Amino acid sequence: LISPKQSFFMVCEHLSKIIGFEFNFSSAKKLIIAAIIVVIAVVVLLVKNWDSVKEAASKAWEGIKNIWSAVSSWFNNNIVNNQDYLNWIEEKTI
């Protein structure tokens with residue numbers, strides 16, 4: 001598995017070969033240029049693969065909603081609706 005840092009350097013290396021610009025990351029200007037190029041590359045990839053990205057994001061959002069629903073139900077059933085627990089908290093905090 002490739003880390004984000006490795007991916008960044010790989011993209012910069014390939015792009016530098018394409019545009020004929022050497023990235024040695026010795027100056028802030030070159031790092032800024034590299035970051036801008038990476039952002040542009042990410043935007044291009046997102047646009048090209050928008051249907052896949054949209055589908056994956058939709059599935060992830062549904063998963064998040066399901067988890068949130070389960071957690072909030074557990075919290076309501078076990079904490080909020082449990083008067084003994086609420087009384088205990090009140091006794092300890094007053």
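Here, the structure is the one placed above.
The model shown is predicted, which means the values in this text are computed figures rather than measured ones.

A. Quick look at the overall build of the protein. If you tally the helices and strands in the protein, you get four helices and zero strands. In the protein, the order of α-helices and β-strands from amino to carboxyl end is α-α-α-α. Taken over 94 residues, the protein has a buried fraction of 9%.

B. The environment of I79, seen in detail. Residue placement: I79 occurs in helix α3 (residues 50–80). I79 sits in the buried class, given a relative accessible area of 17%.

C. Region of interest: the pattern of salt bridges. Summed over all chains, the structure comprises two salt bridges. The partner of K59 in a salt bridge is E55, and the shortest N-O contact between them spans 3.3 Å. Of this pair, K59 and E55 both sit in helix α3, separated by four residues, roughly a single helical turn. We classify E55 as partly exposed; its relative accessible area is 46%. The shortest N-O distance in the salt bridge between K65 and E62 comes to 3.2 Å. Of this pair, K65 and E62 are both found in helix α3, three residues apart, which corresponds to roughly one turn of the helix.

D. Spatial organisation of a nonpolar patch on the surface. Together, I32, I36, I40 and V44 give the surface a local cluster of nonpolar side chains, amounting to about 360 Å² of exposed area. On the secondary structure map, V44 appears in helix α2 (residues 28–48).

E. View of the environment of V11. On the secondary structure map, V11 appears in helix α1 (residues 4–19). Relative accessible area serves as the criterion here: at 32%, V11 is assigned to the partly exposed category. Along the chain, V11 and V38 lie 27 residues apart, while their C-alpha atoms are 7.1 Å from each other.

F. Looking closely at α2. For α2, spanning 21 residues, the distance from its first C-alpha to its last is 30 Å, which sits close to the expected 30 Å at 1.5 Å a residue. The set of residues buried in α2 consists of A34, I37 and V38. Taken around the axis of α2, the buried residues stretch over an arc of 100°, which confines them to a single face. With respect to the buried face of α2, the exposed residues turned more than 90 degrees away are A28, K29, I32, V39, I40 and V47.

Reading guide: rules and limits
Residues numbered from 1 in each chain as written. Predicted model: local features only at pLDDT ≥ 70, side-chain atom pairs only at ≥ 80, totals over all residues. Heavy atoms only, no water. Helix = DSSP H or I, 4+ residues; strand = E, 2+ residues; numbered from the N terminus. Buried < 20%, exposed > 50% of the residue type's maximum accessible area, 1.4 Å probe, protein only. Salt bridge = Lys/Arg side-chain N within 4 Å of Asp/Glu carboxyl O. Patch = residues over 30% accessible without salt bridge, like charges linked within 9 Å, V, L, I, M, F, W, Y side chains within 5 Å. Areas by Shrake-Rupley, 256 points an atom, 1.4 Å probe, with all protein chains shown as cover. Expected span 1.5 Å × (residues − 1). Arc of directions from axis to C-beta.

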